[in-house]
Amino acid sequence: MVQKYQSPVRVYKQPFELIMAAYERRFPTCPLIPMFVDSDTVNEFKSEDGAIHVIERRCKLDIDAPRLLKKIAGVDYVYFVQKNSLNSRERTLHIEAHNETFSNRVIINEHCCYTVHPENEDWTCFEQSASLDIKSFFGFESTVEKIAMKQYTSNIKKGKEIIEYYLRQLEEEGITFVPRWTPPSITPSSETSLSSGKQAAALAIVTPEAALKEGPSSEALSNPSGAPEPVATTPDDKLDADYIKRYLGDLTPLQESCLIRLRQWLQETHKGKIPKDEHILRFLRARDFNIDKARETMCQSLTWRKQHQVDYILDTWTPPQVLQDYYAGGWHHHDKDGRPLYVLRLGQMDTKGLVRALGEEALLRYVLSINEEGLRRCEENTKVFGRPISSWTCLVDLEGLNMRHLWRPGVKALLRIIEVVEANYPETLGRLLILRAPRVFPVLWTLVSPFIDDNTRRKFLIYAGNNYQGPGGLLDYIDTEVIPDFLGGECMCEVPEGGLVPKSLYRTAEELENEDLKLWTETIYQSASVFKGAPHEILIQIVDASSVITWDFDVCKGDIVFNIYHSKRSPQPPKKDSLGAHSITSPGGNNVQLIDRVWQLGRDYSMVESPLICREGESVQGSHVTRWPGFYILQWKFHSMPACAATLPRVDDMLASLQVPSHKCKVMYYTEVIGSEDFRGSMTSLESSHSGFSQLSAATTSSSQSHSSSMISRVDKRLREPQ
């Protein structure tokens, strides 16, 4: 397996030329890196104007490896070839390195670049990527991989310290400014040399083909040419090392690399908004920074969030009054670490009454809204306290817990809630304080604990009776002034006291079943019928140019043609009469036509994307960046095979064409308009987004599943499947 590393962008608040002066002091040897024994210059080139300087060094390394392994390998030192290409005119330094020793057994490639900050020309940016591929090593492949990664990450940590060390050294010597390169005065004799210098510059930054041996990959750490991608091209798509430390926390170099690679994969494959960096990091932490596992669970969660509109739950859903009155839980200040504090008086809550009055799904939705609110509060506290806060503390008071809380439907609802929260909100619980646990608690814990992740269980602190009042208790985690009054504190807690839900509010099993079905079969997807001669069209009004129209639709029946049109004027609403231009809207009931028959293409409206033919069973996902404000029409049109001019139509075919039901297609679609500043995915064309199954969905589906399988069964499964 190829090990990869990608660094965040490291910013030095010094000019490029001064950084280069500090960097050159690392050679021929560097006392700050004990393993770096020596280096010899094997090749060097300088252009006549002095703008280009290419130097190739052979570096001698003393790897910290077991003596037995060195003896088996038959070497005491490992040699690397490093090629530095400095372009003083463009103010860039590209560094390429590969191993010379055991190059037929181990392939190591490293790419680094120093460039000028895109927003401040007096600052310097640094990026680094590397790959390690061990083909064979005398049966010690795993050991060599661990040694190599340990040595590499150790040197990464020292990289910034080394530059800063030599910067201080330069300052002590009175060198605080290095002038920029300026071209020599141009004379006829020097024009040729300048031209050759430009050619040398072009050759100097070409990456050896050895760096491309791995082939293209969705997780590639460099661009297709193999050279590190310049920071100036897409600064908004990159993570700054200072930003990571400020908002995400202290991560090891390999953890930073995992975050950047997974984030990059989402940008390349997920159309629309991608999760926030904090959310991506939570999934990585939950899977011990295993990118493949984190990516799988995150894609499943993204699909789940999209289907059930979880992103909008705080804005669109109001909890029923029964929950507001009898659900004994709420947010209450924060703990000593700045985490939001949620208080749940479970012992005072009538779980049976809530389930009988509302049903399992309403409780689940309420818990989801609590989790969404927790994420929002974590972001706020990160800004308030000036340090990363990515989780919250939950205080559960069990006073009053008894056997009625072990009512089977209530326990079933609790297990379902735990399952959904564990799958979609990993690493959001920082600490769980369980207070005043009664004798019946071990029974409940035996039922619940198997469904809780091991990492989550380690965050549980359980206190029986009044043990929470002593050393190691509540005061270690919560400030005295915010301890709730019902726990002996002086802070008035506004969390509802709960109590028994009146039986008059209970619902019958049939009512609850219908209500549950309504809640969780609601989906952002709409269905439409498409008939021959009667396309289905939707209207999207764009106010700001450069907005992004995104779509995701499944062709459930028949073949269709997908088009996007633009018009400066709004189409008239569909007519209801049977003689007008919209006379074929009635067969399906959910078929709408907006483009009037008298409109002419090129005069009244224009096509903004090439027509896309979509076959039955396909799923299509894509986006369009709008160039002008106005009205955009998304159209799904019946696709008919072109008739052969050499043959006359048969009577049977003519009769069949009169039967509208035989010329019916069905699509399920979802569209969304995203502001350009919020669109962080790849802005691909229609053609590139057309696939047998969307990339996001494919990531959550078994690789053996056929891309051309019927979307009807897939959609039905999506709606029935418990989330």
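Above this text you will find the structure in question.
Residues numbered from 1 in each chain as written. Predicted model: local features only at pLDDT ≥ 70, side-chain atom pairs only at ≥ 80, totals over all residues. Heavy atoms only, no water.

### Some points on the pairing of strand β12 (residues 429-437)
Then comes step 1: Burial of β12 is extensive: nine of the nine residues sit out of reach of the surface.
Then comes step 2: The pairing of strand β11 (residues 392-397) with β12 spans six bridges and is classified as parallel. Pairing of valine 396 across the sheet is with isoleucine 434, part of β12.
Then comes step 3: The parallel pair β11 and β12, bridged by helix α13 (residues 408-424), forms a crossover whose chirality is right-handed.
Then comes step 4: As paired strands, β12 and strand β13 (residues 460-464) are joined by four bridges and run parallel to one another. (Buried < 20%, exposed > 50% of the residue type's maximum accessible area, 1.4 Å probe, protein only. Helix = DSSP H or I, 4+ residues; strand = E, 2+ residues; numbered from the N terminus. Pairing = 2+ DSSP bridges. Right-handed = clockwise from strand over helix to strand, strands pointing away.)

### A word on the nonpolar core
Then comes step 1: In this structure, Leu323, Tyr327, Leu354, Val396 and Leu398 are the most contacted members of the largest nonpolar core, which totals 52 residues.
Then comes step 2: Every element with two or more residues in this core is listed here: α10 (321-326), β10 (340-344), α11 (351-358), α12 (360-385), β11, α13, β12 and α14 (441-448).
Then comes step 3: Among the elements that take part in this core, α12 stands out by supplying nine residues, more than any other.
Then comes step 4: If near-sequence neighbours (up to four positions away) are discounted, leucine 323 is found in contact with Trp317, Leu354, Leu358, Ala362, Leu363 and Tyr366.
Then comes step 5: If you look at the next biggest cluster of nonpolar residues, it comprises 40 residues, including Leu61, Phe102, Cys112 and Leu170. (Core = buried A, V, L, I, M, F, W, Y, C linked by side-chain atoms within 4.5 Å. Contact = heavy atoms within 4.5 Å.)

### Some points on the environment of proline 275
Then comes step 1: Within the fold, proline 275 resides in the loop between α6 (253-269) and α7 (277-286).
Then comes step 2: Residue proline 275 is classed as buried on the basis of its relative accessible area of 8%.
Then comes step 3: A sequence separation of 27 residues divides proline 275 from leucine 302, and the C-alpha atoms of the two residues are 8.3 Å apart.

### Some remarks on helix α1 (residues 16-24)
The periodicity of an α-helix, 3.6 residues per turn, causes residues three or four positions apart to be oriented the same way.
Then comes step 1: The buried count for α1 comes to seven of nine residues, which makes it a mostly enclosed element.
Then comes step 2: Where α1 is buried, its residues touch β2 (10-12), β5 (78-87), β6 (92-99), β7 (106-116), β8 (124-134) and α3 (141-172).

### Quick notes on the state of the cysteines
Then comes step 1: All told, the structure shown has zero disulfides when counted by the stated rule.
Then comes step 2: There is no disulfide at cysteine 125, and the cysteine sulfur nearest it, in cysteine 113, is 8.8 Å away. (Disulfide = S-S within 2.5 Å.)

### What to know about the packing of aromatic side chains
Then comes step 1: Scanning the entire structure with this criterion turns up 23 aromatic pairs.
Then comes step 2: Their ring planes at 85° and their centres at 5.9 Å tell us that tryptophan 331 and tryptophan 392 sit as a pair that is edge-to-face. Separated by 61 residues along the polypeptide, tryptophan 331 in strand β9 (residues 329-334) and tryptophan 392 in strand β11 bring together distant segments of the chain.
Then comes step 3: Here tryptophan 392 falls in the buried class, since its relative accessible area comes to 7%.
Then comes step 4: Centroid distance tryptophan 445 to phenylalanine 460: 5.3 Å. Interplanar angle 50°. Geometry classified as tilted. (Phe/Tyr/Trp six-rings, centres within 6.5 Å; stacked < 30°, edge-to-face > 60°.)

### Points about the pattern of salt bridges
Then comes step 1: Scanning the model with the defined rule gives 31 salt bridges in all.
Then comes step 2: Of the charged contacts, one joins arginine 180 and aspartate 122 as a salt bridge, the two residues approaching to 3.7 Å between their closest N and O atoms. Of this pair, arginine 180 sits in the loop between α3 and α4 (188-204) while aspartate 122 sits in the loop between β7 and β8, and the two are 58 residues apart along the sequence.
Then comes step 3: For arginine 180, a relative accessible area of 37% corresponds to the partly exposed category.
Then comes step 4: Arginine 339 is paired through a salt bridge with aspartate 335; the nearest N and O atoms lie 3.7 Å apart.
Then comes step 5: In this structure, a network of salt bridges that share partners links the residues Asp335, Asp337, Arg339 and Arg431. (Salt bridge = Lys/Arg side-chain N within 4 Å of Asp/Glu carboxyl O.)

### Quick notes on the packing of α12 against α13
Then comes step 1: Across the interface, α12 lies against α13 with an axial gap of 10 Å and an inter-helix angle of 40°. Crossing hand, α12 versus α13: right-handed. Mapping the contact onto sequence places Glu360, Glu361, Leu363, Leu364, Val367, Leu368 and Asn371 in α12 and Lys412, Ala413, Arg416, Ile417, Val420 and Val421 in α13.
Then comes step 2: Grouping the amino acids of the contact of α12 with α13 by side-chain chemistry returns eight nonpolar, one polar and four charged. (Axes fitted to C-alpha atoms, helices over the stretch in contact; angles between N-to-C directions. Left-handed = near helix turned anticlockwise from the far one by under 90°. Nonpolar A, V, L, I, M, F, W, Y, C, P; charged D, E, K, R; others polar.)

### Description of the side chain of asparagine 455
Then comes step 1: Mapped onto the elements of the fold, asparagine 455 is located in helix α15 (residues 454-457).
Then comes step 2: Here asparagine 455 falls in the buried class, since its relative accessible area comes to 18%.
Then comes step 3: Among residues more than four places away in sequence, those in contact with asparagine 455 are Ala286, Asp288 and Glu427.

### Details of a nonpolar patch on the surface
Then comes step 1: A surface patch of nonpolar side chains, amounting to about 350 Å² of accessible area, comprises Leu68, Ile72, Phe138 and Phe140.
Then comes step 2: You can call phenylalanine 138 partly exposed: its relative accessible area is 37%. (Patch = residues over 30% accessible without salt bridge, like charges linked within 9 Å, V, L, I, M, F, W, Y side chains within 5 Å. Areas by Shrake-Rupley, 256 points an atom, 1.4 Å probe, with all protein chains shown as cover.)

### What about helix α5 (residues 241-248)?
Then comes step 1: Where α5 begins, one side-chain oxygen reaches toward the backbone nitrogen of aspartate 242, 2.6 Å away; that side chain belongs to aspartate 240.
Then comes step 2: Phi turns positive, to about 110°, at glycine 249, one or two residues after α5. (Polar contact = N/O pair within 3.5 Å; in protein donor to acceptor, adjacent residues only side chain to side chain.)

Honestly, it's all geometry; don't read function into it.
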